[in-house]
Amino acid sequence: MDVNYNQPAAEPETLLREALEANGQRFTEQRSAVYRYLRQTEDHPSADDVFTSVRGVIPDISLATVYKSLETLVSCGLASKLTYGDGSARYDGRTDPHPHARCLTCGSVADLPGVLDGESLDRLGELPGFSIEGYRVEVVGTCRECQEG
Ligand code: ZN
Ligand code: MN
C-alpha cells in the first residue's frame, strides 16, 4: 500500500475549518470543542464521554449535538469511529491506521506504539478478487487497571 497516512501538520483549528468547508459543512464552536477534545485525549472516548467533557467548556451543548459533531468529524476524515459487535462505538482523533489494544473487562481502548509495515501485511496473504484499502488490528486482553483491580 502506498497511501500517505501521515497526520496533517497544520494548526488543528485551521485544519478543522478547511476540512469542514471542503465537505460543505460549517465551522461551529461545538464542532471545534468536540474536535479539540478528541485531539488531546488518548482515551478513545464514547459519545457520552465526549459529552461529559465538552459540557465543561460549552455547558448548554446537548448529547445529540455532540453525537452529530462526532459523526461530521468522521465523515470529513478528521476522526475515526471504532465500532464493536455490541453496537457500542468509540471515537479516535487519529485517522492513520494504527493498532489498538482493547480491554475485555472494562472496554477501554489504547493505541499500541507500533504500526504494521507492508511486509507484515504481505504476510497475511492475498484474497483473490479482494482489493485491500486499509486494515484494522485490535489485540484484546486485560488492561493494567483491571489487572490491579
Ligand atoms: Zn480494563
Ligand atoms: Mn487510536
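On a predicted model such as this, the values are computed, not experimentally measured, just so you know. (Residues numbered from 1 in each chain as written. Chains lettered and ligands numbered in written order. Predicted model: local features only at pLDDT ≥ 70, side-chain atom pairs only at ≥ 80, totals over all residues. Heavy atoms only, no water.)

K.L.:
Before we move on, can you summarise the coordination of the manganese ion (ligand 2) with the specific residues and values?
P.N.:
Only H44 (NE2), D92 (OD), H98 (NE2), H100 (NE2) and D111 (OD) from the protein coordinate the manganese ion (ligand 2), and they sit 2.1 to 2.2 Å from it. D92 gets classed as buried once you look at its relative accessible area, which sits at 5%. The exposure class of D111 is partly exposed, given its relative accessible area of 28%. (Donors = N, O, S within 2.8 Å, 3.2 Å for Na, K, Ca; no water. Buried < 20%, exposed > 50% of the residue type's maximum accessible area, 1.4 Å probe, protein only.)

K.L.:
Please set out the environment of L73 residue by residue, giving values where relevant.
P.N.:
Looking at the element boundaries, L73 is found in helix α4 (residues 63-75). In sequence terms L73 and S32 are 41 residues apart; their C-alpha atoms lie 9.7 Å from each other. Aside from chain neighbours lying at most four places away, what touches L73 is L16, R31, V34, Y35, L38, L78 and A79. (Helix = DSSP H or I, 4+ residues; strand = E, 2+ residues; numbered from the N terminus. Contact = heavy atoms within 4.5 Å.)

K.L.:
Just give me the short version of the nonpolar core, but keep the residues and values in it.
P.N.:
The nonpolar side chains of a soluble globular protein tend to be buried, and buried together. Membership of the largest hydrophobic core comes to 23 residues, with the highest contact counts inside it found for L70, L73 and L78. Broken down by secondary-structure element, the contributors of at least two residues to this core are α1 (12-22), α2 (29-40), α3 (47-54) and α4. The biggest single contributor to this core is α2, with 5 residues. (Core = buried A, V, L, I, M, F, W, Y, C linked by side-chain atoms within 4.5 Å.)

K.L.:
Got a sec to walk through the packing of α2 against α4? Specific residues and values, please.
P.N.:
Between α2 and α4, whose axes approach to 9 Å, the crossing angle comes to 70 degrees. Taken together, the axes of α2 and α4 are roughly perpendicular relative to one another. The crossing of α2 and α4 is right-handed. Contacts between α2 and α4 involve Q30, R31, V34, Y35 and L38 on the former and, on the latter, T65, V66, S69, L70, T72 and L73. Broken down by class, the residue content of the contact of α2 with α4 amounts to 6 nonpolar, 4 polar and 1 charged. (Axes fitted to C-alpha atoms, helices over the stretch in contact; angles between N-to-C directions. Parallel < 35°, antiparallel > 145°, perpendicular 65-115°, else oblique. Left-handed = near helix turned anticlockwise from the far one by under 90°. Nonpolar A, V, L, I, M, F, W, Y, C, P; charged D, E, K, R; others polar.)

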